[in-house]
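Structural overview
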Amino acid sequence: MNRTALLSFLKLSLPFLFSAFFLWLAFRDISIAELWDSIRSASALTILLASVLAIVAIQLRAWRWQILLKPLKSIPFKKVYPITMIGFMANNLLPAHAGEGGRAYLIAREEQLSGMAAFATVGLERILDLVALASLLAVVMISVELPDWLRFSALALGVLALLMLGVLYFTSDSDSPIRHMLFRLINMLPEKLQIFVSDKLNSIMEGVHIIRSGPKLIKLLALSLLVWLQLAFTIWVVLIGYPLDPELSEFVMPSLTSVLLVAFAAAIPSSPGYVGVTQIAFVYALEPFGVNAAQAVGVSVIYHVTQYFPITLTGIWYLLRQGFTFKTLREARSESN
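This text gives an overview of the structure that appears in the document. A quick note: this is a predicted structure, and the numbers were derived from the prediction, not measured.

1. What about the pattern of salt bridges?
Considering all chains together, one arrives at 10 salt bridges under this definition. The salt bridge partner of Asp-129 is Arg-61, with a shortest N-O separation of 3.8 Å. You can see Asp-129 sitting in helix H6 (residues 115–143) and its partner Arg-61 sitting in helix H3 (residues 44–69), a full 68 residues away along the chain. The same class applies to Asp-129 as to Arg-61, namely buried. Its salt-bridge partner being Asp-129, residue Arg-126 comes within 2.8 Å of it at the nearest N-O pair. Here Asp-129 and Arg-126 lie together in helix H6, a separation of three residues that amounts to about one turn. Classification of Arg-126 by relative accessible area gives partly exposed; the value is 29%.

2. Things to note about helix H7 (residues 148–171)
Taking 1.5 Å of rise per residue, 24 residues should cover 34 Å, and H7 covers 34 Å from first to last C-alpha, within 8% of that figure. All of the buried residues along H7 are Leu-150, Ala-154, Gly-158, Ala-161, Leu-165, Leu-168 and Thr-171. Those residues of H7 hidden inside the fold are in contact with H6, helix H8 (177–186), helix H9 (191–208), helix H10 (214–241) and helix H11 (252–265).

3. Some words on the side chain of Arg-64
The residue Arg-64 is located in helix H3 in this model. The class of Arg-64 is buried, set by a relative accessible area of 0%. Of the polar contacts made by the side chain of Arg-64, one reaches the side chain of Asp-129; its length is 2.7 Å. If we ignore the near neighbours within four places in the chain, the residues touching Arg-64 are Glu-125, Arg-126, Leu-128, Asp-129, Leu-220, Leu-223 and Ser-224.

4. Here's the deal with unusual backbone geometry
Note: most residues except glycine have negative phi, and most peptide bonds are trans. Its identity is not glycine, yet Gln-112 carries a phi of approximately 55°, on the positive side. Mapped onto the elements of the fold, Gln-112 is located in the loop between helix H5 (98–111) and H6. A residue is classified by how much of its surface remains accessible, and Gln-112, at 64% relative accessible area, is exposed. In this model, Tyr-274 sits at a positive phi of 60°, which is unusual for a non-glycine residue.

5. Description of the environment of Val-299
The topology assignment puts Val-299 in helix H13 (residues 293–321). Given the relative accessible area of 0%, Val-299 is considered buried. Residues Val-299 and Pro-177, spaced 122 residues apart in sequence, show a C-alpha to C-alpha distance of 51 Å. Apart from the residues lying within four places of it in its own chain, the contact partners of Val-299 are Val-238, Leu-239, Tyr-242, Leu-244, Phe-282 and Leu-286.

6. What to know about a nonpolar patch on the surface
On the surface, Tyr-169, Phe-170, Ile-178, Met-181, Leu-182, Leu-185 and Met-188 cluster together into a nonpolar patch covering about 680 Å² of accessible area. For the nonpolar patch, the secondary structure elements donating two or more residues are H7 and H8. No other element matches the four residues that H8 contributes to the nonpolar patch.

7. Regarding the nonpolar core
Note that soluble globular proteins tend to have their nonpolar side chains buried in a common cluster. Within the largest apolar cluster, 103 residues are counted, with the highest numbers of intra-cluster contacts made by Leu-124 and Trp-228. Here this core gets 13 residues from one element, more than from any other, and that element is H6. Setting aside its immediate chain neighbours within four residues, Trp-228 contacts Arg-61, Asp-129, Ala-132, Leu-133, Leu-136, Val-259 and Ala-263.

8. With respect to H13
Relative to the 42 Å expected for 29 residues at 1.5 Å per residue, H13 spans 41 Å between its end C-alpha atoms, a close match to the ideal helical length. Where H13 begins, the capping side chain belongs to Asn-292, and its oxygen is found 3.2 Å from the backbone nitrogen of Ala-294. Directly after H13, the chain includes Gly-323, whose backbone phi takes a positive value near 85°.

9. Description of the side chain of Ser-224
Along the chain, Ser-224 turns up in helix H10. Once you skip the residues sitting within four places of it in the chain, Ser-224 turns out to touch Arg-64, Leu-128, Asp-129 and Ala-132.

10. Some thoughts on the packing of aromatic side chains
The description of an aromatic ring pair uses the distance of the two centres, along with the angle that the planes make with each other. Across all of its chains, the model carries nine aromatic pairs by this definition. Between Tyr-81 and Tyr-318 the ring centres are 5.5 Å apart and the planes differ by 80°, which places this aromatic pair in the edge-to-face class. With Tyr-81 in helix H4 (residues 77–93) and Tyr-318 in helix H13, the pair connects residues that are 237 residues apart, well separated along the chain. Seen from their ring centres, Tyr-308 and Phe-309 are 5.2 Å apart, and the 80° between their planes marks the pair as edge-to-face. An aromatic cluster of three or more residues is present, and its members are Phe-77, Tyr-81, Trp-317 and Tyr-318. It is Arg-28 that lies over the ring of Trp-24; its NZ or CZ is 5.5 Å from the centre. The positively charged end of Arg-212 is found above the aromatic ring belonging to Tyr-169, 4.1 Å away from the centroid.

Procedures and definitions
Residues numbered from 1 in each chain as written. Predicted model: local features only at pLDDT ≥ 70, side-chain atom pairs only at ≥ 80, totals over all residues. Heavy atoms only, no water. Salt bridge = Lys/Arg side-chain N within 4 Å of Asp/Glu carboxyl O. Helix = DSSP H or I, 4+ residues; strand = E, 2+ residues; numbered from the N terminus. Buried < 20%, exposed > 50% of the residue type's maximum accessible area, 1.4 Å probe, protein only. Expected span 1.5 Å × (residues − 1). Contact = heavy atoms within 4.5 Å. Polar contact = N/O pair within 3.5 Å; in protein donor to acceptor, adjacent residues only side chain to side chain. Patch = residues over 30% accessible without salt bridge, like charges linked within 9 Å, V, L, I, M, F, W, Y side chains within 5 Å. Areas by Shrake-Rupley, 256 points an atom, 1.4 Å probe, with all protein chains shown as cover. Core = buried A, V, L, I, M, F, W, Y, C linked by side-chain atoms within 4.5 Å. Phe/Tyr/Trp six-rings, centres within 6.5 Å; stacked < 30°, edge-to-face > 60°. Lys NZ or Arg CZ within 6 Å of the ring centre and 35° of its normal.

Okay, structure coming up:
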């Protein structure tokens, strides 16, 4: 096997190996029969409500993306939402978070936008998410004794996100000294490469220019916080309806802690749909609140199923309704790569 083939094999197989490892870690001391019995005892109303909330979560994300895209083109929500749903469906079916770049490619193709500018809006979403998650973590750390590694990692991510926002804020200003210095460095490149890099960088700056507006940035940060609070509320609904023994005395902090660890776990390479990393995230998140591993895995299964299937099935429906095919998704993934 040559080096290129080996790297391709590792790139494809490692996420599945990570998922298998985390599944083993989560399930290793659990009786499957007892786990199944407890899952079957979960409230049907809880499953229905959590499934509906999964769709609401994508609507919130589509609303935020619509705002981010507006400086490039004013696109109706009814066009942004289906492509957002298709992107998150692709995350559930394709490796390496392919739906993120895929939806940027689709919106750029459908609306005749710069692909790099559209992709920059998706990158800006992730930065806004990091700021929102760091804010939630600051609240959680006041009440919950978290491991030192998690505190340090979260602090580092929060600082990194703020630094990235700051860099984008200043470089997106056409009169910024930082931007002028950057382009002076680019001008030292060979002519063809200089033109290529300048064009891409200008497109990126166009995609993130919205953060130059203070009111719009505050709105985007507030909406990003709402996105994650909504997911925490979904976990709260699952915890309320799951037969925990002993019952939790309160559900807010367990829900917030769970959504934080689930978010950070999603960054770990894993199989499509975040299998394994979601389960172990719930185990560690709920442990400080006296929830044993079997019950935590049960909660994770209910949460995972109610998020995975509604989004995947709705995404497939929109994919076909919009006239796309799975070949389109493969093209989008290849183009975004």
